[in-house]
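The residues making up each chain are set out below.
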Amino acid sequence: MTDDISREQIAEMFAAYLRLERGLSVNTLDGYLHDVDKLFDFLEGTATSLCEVTIDHLRAFAASLHDLGISVRSRARIISGVRTFFRYLHIEGYCNPNPALLLENPSAGKHLPEVLTTEEIDSMIEAIDLSSPEGMRNRAIMETLYGCGLRVSELTSLEISRVHLDDQFLVVRGKGDKERLVPMSPQAVECIREYMTQRCELDIKPGSENILFLNRRGRYLTRTMILLIVKRLGELAGVRRVISPHTLRHSFATHLLEGGANLRAIQQMLGHEDISTTEIYLHIDAHRLHEEILAHHPRNRRG
């Protein structure tokens, strides 16, 4: 990550600093290291070394966390960890000046999440080039994200042994390592079956044998890679909105509610511990109904 030191070495030195100089607990230390891992993944995706990082890079990193659907509270914690990391790098002389000095916490603005129409989602799936090496995989990813309402972290860690194609359900390990059963759509089942025939041809690396979705080098996909896939398909489909993998999860829940699904059932499928988290989709549904009335009621039409 720098000219003369590796990512692993700098992480080890940062961990030693947190443990010895700051006296942090194991759990807190692990949290900081996870935050730094996210930053490393982002910088590798942009071919930027730590020596080259500017405030613009860090602001782009912060924006990518938003695109991944990470909550405001979690983003604030990650950014706090990144600030601590760059403070350490500055103290040790690895970066001067400290590019994180002006990095701001995310704003907790209140707004309803973006929801795609079924036509927009169909257009994104149709935009996939099935003749490309990753085409079958990307279609299976899209059908699984939307058809099962998974978090992006649940998708990247999804294990083959927990995908029951014949019975059409997944066993998902969600937040807090809690497991839940999620039914699969017939389209998702078909697409995963087709992808599995190509997956067998990959040179799968040790540790990734049981991971369902892999890159062309036989390794697990990162959350950033899934974000790029979804955003690219949105652009190809002409979707004129800022979207992320989490947008597909929001769309999954909203479309279920519009179709008459019980809110408790949606809560279970999404893996929400508190029903109040799921109730946001009631507000989305009411908001969309309001827009429909304004657009189509004869008293609201002009001209």
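(A) Up close: the overall build of the protein. Within the protein one finds 13 helices and 3 strands. Buried residues in the protein amount to 43% of all 303 residues. Long-range contacts, defined here as pairs at least 24 residues apart, represent 58% of the contacts in the protein between residues at least 6 apart. Carbon and sulfur atoms form 50% of the exposed surface of the protein, whose accessible area is close to 16500 Å².

(B) Spotlight on the nonpolar core. Core analysis: the biggest nonpolar cluster contains 47 residues, and Met184 and Phe213 have the highest contact counts within it. Sorting the residues of this core by element identifies α5 (118–126), α6 (135–148), α7 (152–156), β2 (169–173), α8 (186–199), α9 (223–236), α10 (245–258) and α11 (263–270) as the ones contributing at least two each. A per-element tally of this core places α6 first, with 6 residues. Not counting residues within four places of it along the chain, the set of residues in contact with methionine 184 comprises Cys148, Val163, His164, Leu165, Gln168, Phe169, Leu170, Val189 and Ile192.

(C) Geometry of the side chain of asparagine 215. Looking at the element boundaries, asparagine 215 is found in the loop between α8 and α9. Within the structure, asparagine 215 has its side chain in polar contact with the backbone nitrogen of arginine 217 (distance 2.9 Å). Excluding anything up to four places from it in sequence, asparagine 215 contacts Arg137, Leu202, Tyr220, Leu221 and Met225.

(D) Region of the structure containing the packing of aromatic side chains. Tallying each qualifying case throughout the model produces 9 aromatic pairs. When the centroid spacing of 5.6 Å and the interplanar angle of 70° are considered together, the rings of phenylalanine 85 and phenylalanine 86 count as edge-to-face. For the residue pair phenylalanine 85 and phenylalanine 86, the accessibility class agrees, reading buried in each case. Grouped by ring-pair contacts, the aromatic residues Phe14, Tyr17, Tyr32, Phe40, Phe85, Phe86 and Tyr88 constitute a single cluster.

(E) Structural detail: the pairing of strand β3 (residues 179–183). Because side chains alternate across β3, one face comprises the buried residues Arg180 and Val182, and the other comprises Glu179, Leu181 and Pro183, none of which is buried. Both β2 and β3 contribute to a ladder of 5 bridges, which runs antiparallel. Among the inter-strand pairings, valine 172 is bridged to a residue of β3, identified as arginine 180. A loop of 5 residues connects β2 with β3, the two strands running antiparallel in sequence, and glycine 176 in this loop sits at a positive phi of about 70°.

(F) Fine view of the sheet that holds strand β1 (residues 163–164). Judged by pairing direction, the sheet is antiparallel, and its 3 strands sit side by side in the order β1-β2-β3 without closing on themselves. Both edges of this open sheet fall to β1 and β3, since each of them pairs with a single strand only. Bridge count for β1 against β2 is 2 bridges, and the pairing is antiparallel. Paired with histidine 164 across the bridge in β2 is phenylalanine 169.

(G) Structural view of the layout of surface pockets. The calculated volume of the second largest pocket comes to roughly 270 Å³. Lining the second largest pocket are 13 residues; nearest its centre among them are Asp41, Phe42, Gly45, Thr224 and Leu228. At the level of secondary structure, the elements contributing two or more residues to the lining of the second largest pocket comprise α2 (26–45), α3 (55–67) and α9. Broken down by element, the residue count for the lining of the second largest pocket peaks at 5 residues, all from α9. Looking at the lining of the second largest pocket residue by residue, the classes come out as 4 nonpolar, 5 polar and 4 charged.

(H) How the structure looks around the environment of threonine 277. On the secondary structure map, threonine 277 appears in helix α12 (residues 275–278). Relative accessible area serves as the criterion here: at 41%, threonine 277 is assigned to the partly exposed category. When the C-alpha atoms of threonine 277 and glutamine 267 are compared, they prove to be 8.2 Å apart, with 10 residues separating the residues in sequence.

(I) Quick look at α8. For α8, with 14 residues, the first-to-last C-alpha span of 20 Å sits near the 20 Å given by 1.5 Å per residue. Those residues of α8 that fall on the buried side of the exposure criterion are Ala188, Val189, Cys191, Ile192, Tyr195 and Arg199. Looking straight down α8, one finds that the buried residues subtend no more than 165° of arc, so they occupy a single side. Away from its buried face, by an angle of more than 90 degrees, α8 presents the exposed residues Pro186 and Thr197. Buried positions along α8 lie against α6 and β1.

(J) Summary view of unusual backbone geometry. The omega torsion across asparagine 96 and proline 97 is 5°, close enough to zero to call that bond cis. Inspection of the secondary structure assignment puts proline 97 in the loop between α4 (72–91) and α5. The phi dihedral of glutamine 168 falls on the positive side, at around 60°, and the residue is not glycine. Turning to its location among the elements, glutamine 168 is positioned in the loop between β1 and β2. Relative accessible area serves as the criterion here: at 34%, glutamine 168 is assigned to the partly exposed category.

Rules used in this analysis
Residues numbered from 1 in each chain as written. Predicted model: local features only at pLDDT ≥ 70, side-chain atom pairs only at ≥ 80, totals over all residues. Heavy atoms only, no water. Helix = DSSP H or I, 4+ residues; strand = E, 2+ residues; numbered from the N terminus. Buried < 20%, exposed > 50% of the residue type's maximum accessible area, 1.4 Å probe, protein only. Contact = heavy atoms within 4.5 Å. Areas by Shrake-Rupley, 256 points an atom, 1.4 Å probe, with all protein chains shown as cover. Core = buried A, V, L, I, M, F, W, Y, C linked by side-chain atoms within 4.5 Å. Polar contact = N/O pair within 3.5 Å; in protein donor to acceptor, adjacent residues only side chain to side chain. Phe/Tyr/Trp six-rings, centres within 6.5 Å; stacked < 30°, edge-to-face > 60°. Pairing = 2+ DSSP bridges. 1 Å grid on protein atoms, 1.4 Å probe; cavity = no way out; pocket = protein on both sides within 12 Å on 5 of 7 lines; lining within 4 Å. Points joined across faces, edges and corners; volume = space filled by probe spheres on them. Nonpolar A, V, L, I, M, F, W, Y, C, P; charged D, E, K, R; others polar. Expected span 1.5 Å × (residues − 1). Arc of directions from axis to C-beta.

Interpretation in functional terms is not warranted from these geometric data alone.
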